[in-house]
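Each chain, letter by letter, is given below.
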Amino acid sequence: MKRLFIEPLDVLMFRSERPFIAKESHVAKLGVISPLTFEGAIKSKIFLEFCKRKNYLSSEFQRKRNEDNNSFKERIKEMIENDKELKEILEAIGHPAVNPESSIQVLGVFFSKRNKKEEFFSVPNDIVRKDDKDDDILKLTPIWKKEELKIPNTENYVCFSTHSKIKQKKGLMSFNALKDYLWGRKPDKSQIIDNPYTTELRTGIRLEKGTKTTVEGHLYTAEFLRLEENWGFIVWIEDSYGFLGKHLNRNGIIRLGGEGKGATYTKIDEINLADKLRFSELIEKINEEKRFKLYLAAPSYFNGHKPPRDKLENELGIKELWLRAVLPGKPIYIGGYDFATNMEKPLRKWVNTGAVYYYEFDGEIKKDSKLPIKIIKENIDMRCAFIGRW
């Protein structure tokens, strides 16, 4: 797995799904830290550097306001006829006129300390804490095969803890905690930390597009994210054709999030997830027990609250799956802006990081299954998931 370490130079803005109009809303709220934001930033960096080197204007590859899609695609195809490198770049970043699927995909974004370069993951939804002064860590477990504990009108069962009063355990867990968790153990309290950032309010005023003059009555406040000192992000990248090696320097500056705030990036050592998690041994155990749980390490889109059964069966190579319990958490909304088509992306309801799904299955999970588990096809976007023992 290819990795970048990204460290902000200042605060960052990740806009929420709430509609914001200066004068009406006054506060632009902080939103989700999405892999799609980082993917867009990396692809923009590659593309803009290419345009600079080849004397292209980036606006040449954007659909004009009154240009229909067919004319737009034909115009781009004419441009790439005599420039093989341009075609390769557009295919890699997923330009709609050439290839709607990008070969550069950010699978996950994780907080990390600069000096350690080790990922921290969202605490799974089945890891909770006692609602008392001890604040002990507990693990929820589905009680299945008891009809009286089945959720009405579903095939799913409720999850219980050993304590009657519990609360959500917020924060991040270390890589070793992830390994323990996937092997069926409860993470230790010492392996879980608070989120390494604070929110910061800043005030601005709307500017007219043409003149850049201020607009009366359009003062607003925006929430920004400020990381603690020595913290940044580790970004997992799948790069099918090696474009990062050819078109992205070992380190540099990148623009990230709303307002295009600056951040430094550095290529760091690749990681072998299967080795670190002893995945082949874990699969053997899961195949013996005929059940597993699926943990989402990145936001996922299913057009609902759970992964499609047929696609998950196909990805894992098993005969049949039965969903026994679900802890999806509160949904989030992710939209965005498509630079090439010059249009807003539709706002869609996603399942947030930390969601957990409990399955029984028939057959055997493929021993050569890849990590992280990824399904990006046919209106499904699950780009970073892991399986583990109940």
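Anything mentioned here points back to the structure above.
Keep in mind that what you see is a predicted model, and the values were worked out from it rather than measured.

Draft legend 1. Up close: the overall build of the chain. Along the backbone of the chain there are eight helices and 25 strands. Counting only C-alpha atoms and orienting by the principal axes, one finds that the chain spans roughly 65 × 50 × 45 Å. Taking all 390 residues of the chain together, the buried fraction comes to 47%. By element, 45% of the accessible surface of the chain is carried by carbon and sulfur atoms, the whole surface being about 20,500 Å². Counting 70 positive and 59 negative side-chain charges, the chain places the averaged centre of each group 2 Å from the other.

Draft legend 2. Region of interest: the side chain of Ser174. For Ser174, the position within the fold is in the loop between β10 (172–173) and α4 (175–182). Beyond its immediate stretch of four places on either side in the chain, Ser174 contacts Glu118, Glu119, Phe120, Phe121 and Gln191.

Draft legend 3. Representation of the nonpolar core. Ranked by size, the top nonpolar core spans 65 residues in total, and within it Trp236, Phe292, Leu294, Tyr357 and Phe386 carry the most contacts. Considering each element in turn, this core owes the most residues, six residues, to strand β25 (residues 380–388). If you look at the next biggest cluster of nonpolar residues, it comprises 43 residues, including Tyr56, Leu90, Val109 and Leu256.

Draft legend 4. Geometry of the sheet that holds strand β9 (residues 166–168). Strand order in the open sheet formed by three strands is β6-β5-β9, with antiparallel pairing between adjacent strands. Edge positions in the sheet fall to β6 (137–139) and β9, since each has one partner strand and no second. Sheet twist, expressed as the average angle between the axes of neighbouring strands with direction ignored, equals 50°. Direction of pairing for strand β5 (residues 127–130) relative to β6: antiparallel, over a ladder of three bridges.

Draft legend 5. Geometry of the environment of Asp10. If you trace the backbone, Asp10 turns up in the loop between β1 (2–8) and β2 (27–28). Classification of Asp10 as partly exposed rests on a relative accessible area of 29%. In contact with Asp10, other than residues within four places in its own chain, are Arg202, Arg226, Lys261 and Gly262. Side-chain polar atoms of Asp10 contact the side chain of Arg202, separated by 3.5 Å. Side chain to side chain, Asp10 and Arg226 meet in a polar contact 3.4 Å long.

Draft legend 6. How the structure looks around unusual backbone geometry. A cis amide bond links Leu371 to the next residue, Pro372, at an omega of -10°. Backbone geometry places Lys290, a non-glycine residue, at a positive phi of 60°. Mapped onto the elements of the fold, Lys290 is located in the loop between α7 (279–289) and β17 (291–296). Backbone geometry places Asn342, a non-glycine residue, at a positive phi of 60°. Here Asn342 lies in the loop between β20 (337–338) and β21 (343–344).

Draft legend 7. Molecular detail of helix α1 (residues 35–54). The end-to-end C-alpha separation of α1 is 29 Å, in line with the 28 Å expected for 20 residues at 1.5 Å each. Those residues of α1 lying buried are Pro35, Phe38, Glu39, Ala41, Ile42, Lys43, Lys45, Ile46, Phe47, Phe50 and Cys51. The opening residue of α1 is Ser34, an N-cap whose side-chain oxygen sits 3.0 Å from the backbone nitrogen of Leu36. Directly after α1, the chain includes Asn55, whose backbone phi takes a positive value near 60°.

Draft legend 8. Molecular detail of the packing of aromatic side chains. Counted according to the given criterion, the structure contains 20 aromatic pairs. With 5.1 Å between their ring centres and 40° between their planes, Phe111 and Phe233 make a pair best called tilted. With Phe111 in strand β3 (residues 104–113) and Phe233 in strand β14 (residues 231–239), the pair connects residues that are 122 residues apart, well separated along the chain. The exposure class assigned to Phe233 is buried, which follows from its relative accessible area of 1%. Ring centres of Tyr181 and Tyr295 lie 5.8 Å apart, and the angle between their planes is 70°; this geometry places the pair in the edge-to-face category. You can see Tyr181 sitting in helix α4 and its partner Tyr295 sitting in strand β17, a full 114 residues away along the chain.

Draft legend 9. Summary view of helix α2 (residues 69–80). Compared with the 16 Å implied by 1.5 Å per residue over twelve residues, the 17 Å span of α2 between its first and last C-alpha is a close match. By the burial criterion, the buried members of α2 are Phe72, Ile76, Met79 and Ile80. The buried residues of α2 occupy an angular sector of 95° when projected down its axis, which confines them to one face. Turned more than 90 degrees away from the buried face of α2, the exposed residues are Asn70 and Glu78. On its buried face, α2 is in contact with α3 (84–93).

The rules we used
- Residues numbered from 1 in each chain as written.
- Predicted model: local features only at pLDDT ≥ 70, side-chain atom pairs only at ≥ 80, totals over all residues.
- Heavy atoms only, no water.
- Helix = DSSP H or I, 4+ residues; strand = E, 2+ residues; numbered from the N terminus.
- Buried < 20%, exposed > 50% of the residue type's maximum accessible area, 1.4 Å probe, protein only.
- Areas by Shrake-Rupley, 256 points an atom, 1.4 Å probe, with all protein chains shown as cover.
- Lys, Arg positive; Asp, Glu negative; His and termini not counted.
- Charge placed at Lys NZ, Arg CZ, Asp CG, Glu CD.
- Contact = heavy atoms within 4.5 Å.
- Core = buried A, V, L, I, M, F, W, Y, C linked by side-chain atoms within 4.5 Å.
- Pairing = 2+ DSSP bridges.
- Axes fitted to C-alpha atoms, helices over the stretch in contact; angles between N-to-C directions.
- Polar contact = N/O pair within 3.5 Å; in protein donor to acceptor, adjacent residues only side chain to side chain.
- Expected span 1.5 Å × (residues − 1).
- Phe/Tyr/Trp six-rings, centres within 6.5 Å; stacked < 30°, edge-to-face > 60°.
- Arc of directions from axis to C-beta.

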